[in-house]
Every structure is written in structure tokens, then in C-alpha cells.
Amino acid sequence: MSPSSLDELIEALRCLPSVGPKSAQRMAYHLLQRDQRGAARLARALGHALEVLRHCEQCNTFSEEAVCQRCANPRRDASTLCVVEMPADLAMIEQTQSYSGLYYVLMGRLSPLDGIGPRELRLDKLIARASDGRVREVILATNFTNEGEATAHTLAGLLAARGLKVSRLSRGVPVGGELEYTDAGTIAQALVERRSV
Ligand code: ZN
């Protein structure tokens, strides 16, 4: 391996969140020296995922089909749409087994400091989804962090302007709390006690 391909690998690893030059270097040495099989598997899995995964046309989460299985399930209640930041949040709400509606996954949150505004977050896609004529209530289940709250606030305005009933998870989830790290019972409670906004 010429130094430049090693440098390229180290540089590429830095695209991971909170990976600086030192940890990128450690990862590269580990993969190349200690775990070549793991490295090959990682390369294959990443290539394959990039090839086959896209975003569900309806809920925006990762899916191998144009419309994911959850959105295609006729037993889900199509009149309720729960908006979450990430697929991990969706998984947490599913774990409560107390929600039977559909979802919309933002794949992020509004974050002006990182240059993520309504356009970058494709909020137009959510508005179009929520305006399908079947959705009657949109539940905002973004995190209770500053950015999550600001995102919920913006969404509430946009959705209410289209005559949709909008609600927010109750404060059962602690301030600054992220759904991903909140227990299922608390989330279930916050869903039941959701309040109109
Ligand atoms: Zn879907």
C-alpha cells in the first residue's frame, strides 16, 4: 500500500461523526493490521447498503423498497402520523407497542448553526405527506433538546397552517431528553398524554 492510499483511508474515516485525525488513524491501522476480515466485511456491507437502500417514499426512513413494509401495512392507522428525527426514535416508539399509526422520519433536525434549515431537511416532503387527505393528526415526537423543540415549533406552524391537528409528546420525556435514551414506559405515557399545539 502506498502512503497515499493509507492517507486516503484515514481521511475517508474522518467522515464519521466525532472522529478526528488521531482516531481515524487508529481505526485505519486496526482495520488493516488487526482485522482484515472485518475490514473487508465493512467495505462490502457499506457498498451494498449504499446500492440497495433508499428512502421510503412515504415515511422517508431507509428502505429497500419504494414504500417500506410498515407504510404498506393496511393494519396501521393511516389517520395518525408521528414525526420523529431518526430511525432509532421510530424504533423506540415501536417498542412501546402503544402506537399503531404511521411515521415520518425527518432524518435530522433543524440546526441553523450546521446549515440545516427547512430546505435541507426537505420539510416540503413532510408537508406533502401530511396533506394526503387521510392524515388527521400529526404527533410531533422530535427530541426534547433545544434543536428538537425548535424543529417541533416550526413544524407545528407549517402543519397548522394547512388545517391539520397537531400535537406534541407530553413532558414525561425529560427536558433535554432524547427518545433514543428514554425508556419505553415513559414514551408510551408521553404519547397518551400528548397535548395539542
Ligand atoms: Zn415507509
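Note: the structure precedes this text.
Residues numbered from 1 in each chain as written. Predicted model: local features only at pLDDT ≥ 70, side-chain atom pairs only at ≥ 80, totals over all residues. Heavy atoms only, no water.

### Here we look at the packing of helix α2 (residues 21-34) against helix α3 (residues 36-52)
- At their nearest, the axes of α2 and α3 sit 5 Å apart, and the two run at 115 degrees to each other. The orientation of α2 with respect to α3, classified from their angle, is roughly perpendicular. Residue-level inspection shows L31, L32 and R34 of α2 in contact with α3, the latter providing Q36, A39 and L42.
- Looking at the contact of α2 with α3 residue by residue, the class counts come to 4 nonpolar, 1 polar and 1 charged. (Axes fitted to C-alpha atoms, helices over the stretch in contact; angles between N-to-C directions. Helix = DSSP H or I, 4+ residues; strand = E, 2+ residues; numbered from the N terminus. Parallel < 35°, antiparallel > 145°, perpendicular 65-115°, else oblique. Contact = heavy atoms within 4.5 Å. Nonpolar A, V, L, I, M, F, W, Y, C, P; charged D, E, K, R; others polar.)

### Quick look at the coordination of the zinc ion
- Distances from the zinc ion to its protein donors, C56 (SG), C59 (SG), C68 (SG) and C71 (SG), fall at 2.3 Å.
- Coordination geometry of the zinc ion: the 4 donor atoms subtend angles of 105 to 117 degrees at the metal centre, consistent with an arrangement described as tetrahedral. (Donors = N, O, S within 2.8 Å, 3.2 Å for Na, K, Ca; no water. Tetrahedral: all angles 85-135°; square planar, octahedral: opposite > 155°, others 65-115°.)

### A few points about the sheet that holds strand β7 (residues 195-196)
- Reading across from one edge, β4-β3-β5-β6-β7 is the order of the 5 strands in this open sheet, with mixed pairing throughout. A strand with exactly one partner marks an edge of an open sheet, and here the two such strands are β4 (101-105) and β7. (Pairing = 2+ DSSP bridges.)

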